[in-house]
Amino acid sequence: MFRTLYHAGLRSEEASLLDRPDLHFTRGPFGKLHVRFGKGARTSGPRPRWVPMLDGLDLVLHWFLDDVRGKFPDSPVLFADESGGSLHRGTIRNRLRYLMELEGRPATDRFSPHALRRACATHNYERGVDLVAIQQLLGHWTVSSTMRYVRPSATFIEDAYRRAVTTTLGELTAEGDSSA
């Protein structure tokens, strides 16, 4: 569940409303999730979207279906509770809190499920993924909403500079080799 929130940038409620038929492993190069109940802007109703299964999420979901999901009651719900129904977003939040307490994480270092969505946006942005692509991944109406989710690391500028210089030097070296 938490890997899905992080790798797909889903809201807790969106993930809790996924059904097994919403997993499309053969759609696109990575497979896609059909988020049928995406949050609508300003009470516009659910806004469905297709979200790619990036960073090996397809492998995690295959493992979940093969080894874990069968231990819960049979129902179409992907992430089911003990009765086979959809998990409540409060249950998801409480379970994450419990797991962080179990691992001994200090209260100051704990985070919410929504922080996984923000981390997804930030990590994709730092990798160089286009902001409009991240906007579509998260299901935001505007790029300005997406920008509020992106929190680059303290070394983001230096890392970007290093990548640019390395790329430029690589291109110059390649040009010098081809002119000989």
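Structure first, text after, so check above.
Parameters and conventions
Residues numbered from 1 in each chain as written. Predicted model: local features only at pLDDT ≥ 70, side-chain atom pairs only at ≥ 80, totals over all residues. Heavy atoms only, no water. 1 Å grid on protein atoms, 1.4 Å probe; cavity = no way out; pocket = protein on both sides within 12 Å on 5 of 7 lines; lining within 4 Å. Points joined across faces, edges and corners; volume = space filled by probe spheres on them. Helix = DSSP H or I, 4+ residues; strand = E, 2+ residues; numbered from the N terminus. Axes fitted to C-alpha atoms, helices over the stretch in contact; angles between N-to-C directions. Parallel < 35°, antiparallel > 145°, perpendicular 65-115°, else oblique. Left-handed = near helix turned anticlockwise from the far one by under 90°. Contact = heavy atoms within 4.5 Å. Nonpolar A, V, L, I, M, F, W, Y, C, P; charged D, E, K, R; others polar. Buried < 20%, exposed > 50% of the residue type's maximum accessible area, 1.4 Å probe, protein only.

(A) Spatial organisation of empty space enclosed by the protein. Tallied over the full model, the rule gives one cavity of 30 Å³ or more. When its volume is computed, the largest cavity comes out at roughly 40 Å³. Residue lining of the largest cavity: Tyr-6, His-7, Asp-55, Cys-120, His-123, Asn-124 and Arg-127, and that is the complete set. Residue assignment for the lining of the largest cavity shows that the elements contributing at least two residues are α1 (2–8) and α5 (113–127).

(B) Quick look at the packing of α5 against helix α6 (residues 131–138). Their axes nearest at 10 Å, the elements α5 and α6 cross at an angle of 155°. With respect to α6, the element α5 is oriented roughly antiparallel. Here α5 runs over α6; the crossing is right-handed. Contacts between α5 and α6 involve Arg-117, Cys-120, Ala-121, Asn-124 and Tyr-125 from the first element and Leu-131, Ile-134, Leu-137 and Leu-138 from the second. Class assignment of the residues belonging to the contact of α5 with α6 gives a composition of seven nonpolar, one polar and one charged.

(C) Highlighting the layout of surface pockets. Empty space within the largest pocket amounts to approximately 530 Å³. Around the largest pocket, the lining is made up of 21 residues, and of these Met-1, Phe-64, Phe-72, Leu-87 and Arg-95 lie nearest the centre. For the lining of the largest pocket, the secondary-structure elements that each account for two or more residues are α1, α3 (57–68) and α4 (89–102). Residues belonging to the lining of the largest pocket are distributed by class as follows: 14 nonpolar, two polar and five charged.

(D) Inspection of unusual backbone geometry at higher detail. Even without being a glycine, Asp-55 presents a positive backbone phi close to 55°. Among the secondary structure elements, Asp-55 is positioned in the loop between β3 (49–52) and α3. With relative accessibility at 39%, the residue Asp-55 sits in the partly exposed group.

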